[in-house]
Amino acid sequence: MWSVIPNCATNSPGTSNWDAMCARAANICNETGVTSYRVYVRRAGDATTTWTYVDTVCWGENTTVTVVNIPAEAEEAFKSMEPLAAESGFGQQAKPLVNLATYFVAKGEQEMTVRVTRGGIVLDITAKPRYHWDFGDGQTLDTEMQGRRYRAGDNTHTPPGAADAVMHWYRDAKTYQARLTTTWHATYTVNNGPAVDIPDEIEIEAAPLNVAVEEARAILYN
């Protein structure tokens, strides 16, 4: 939503005196019939969001005004970032074993940013991923964590295990296909204003990861 008000010191968008005229606004452009205006923008339908100053312009009867569709521009910029699927991998060197935690890692970017300028408006887009793991045995996990590698001292015997790791316990010895889906969600700001969600998301599936789970073998020593 746009607000265009005469460039007067006492004028503010959304107030009762937003359209008051003054000598400053009428004369600052030094051209007959042309008035100085301040341009503001706010998210449509959200009366709680403050107005963000965009630019000061000189407009007259014959001035052509181009209105920037900010949400559409932000969405287009987001899609042009071409975010990628994270690559699924293991966070351990040991083979996956029955009833012991298998560590998974989503390898890839954790944040992407881009800045574009449209009609004097600066849009900053920030995209971040979240992950959906399908472990191939009927169990799934939704998380914003990338996961990490196994560390000495981690509890690998009893779920849920380490809070900052992506871990899964397989109960049968067989080969599973773990699938990772990355969903990118983005927000944008207008001229360093508050962050606004971009409704559409980008969902990408990585190549399946084969998980060959084996039984642990006991070894007796004399």
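Scroll up a little and you will see the structure.
Quick notes on the rules
Residues numbered from 1 in each chain as written. Predicted model: local features only at pLDDT ≥ 70, side-chain atom pairs only at ≥ 80, totals over all residues. Heavy atoms only, no water. Helix = DSSP H or I, 4+ residues; strand = E, 2+ residues; numbered from the N terminus. Rg over C-alpha atoms; globule rule 2.2 N^0.38 Å. Buried < 20%, exposed > 50% of the residue type's maximum accessible area, 1.4 Å probe, protein only. Contact = heavy atoms within 4.5 Å. Areas by Shrake-Rupley, 256 points an atom, 1.4 Å probe, with all protein chains shown as cover. Lys, Arg positive; Asp, Glu negative; His and termini not counted. Charge placed at Lys NZ, Arg CZ, Asp CG, Glu CD. Core = buried A, V, L, I, M, F, W, Y, C linked by side-chain atoms within 4.5 Å.

Engineer: Residues and numbers for the overall build of the chain, please.
Structural biologist: Regarding its fold elements, the chain presents two helices and 13 strands. By the compact-globule yardstick of 17 Å for 222 residues, the chain is too spread out, its C-alpha radius of gyration being 28 Å. If one aligns the C-alpha atoms of the chain with their principal axes, the spans along those axes are about 105 × 25 × 25 Å. Going through the 222 residues of the chain one by one, you find that 37% of them count as buried. A fraction of 61% describes how many contacts in the chain between residues 6 or more apart in sequence connect residues 24 or more apart. As presented, the chain carries roughly 13,200 Å² of accessible surface, and 48% of it is formed by carbon and sulfur atoms. The distance from the centre of the 18 positive side-chain charges to the centre of the 27 negative ones in the chain is 6 Å.

Engineer: Which residues make up the nonpolar core, and what values do they have?
Structural biologist: One finds Ile70, Phe78, Leu123, Ile125 and Tyr188 to be the most contacted residues of the largest nonpolar core, which totals 22 residues. Counting residues per element, the ones that place at least two in this core are strand S2 (34-41), strand S3 (52-60), helix H2 (70-80), strand S6 (112-118), strand S7 (121-134) and strand S10 (175-190). Contact partners of Ile125, with chain neighbours within four places excluded, come to Ala74, Ala77, Phe78, Met81, Met112, Thr113, Val114, Val116, Ala186, Thr187, Tyr188 and Ile198. Counting residues in hydrophobic clusters, the runner-up holds 16 residues, among them Ala86, Ala106, Trp133 and Val213.

From the geometry alone we can't say anything about function, so treat these as descriptive.
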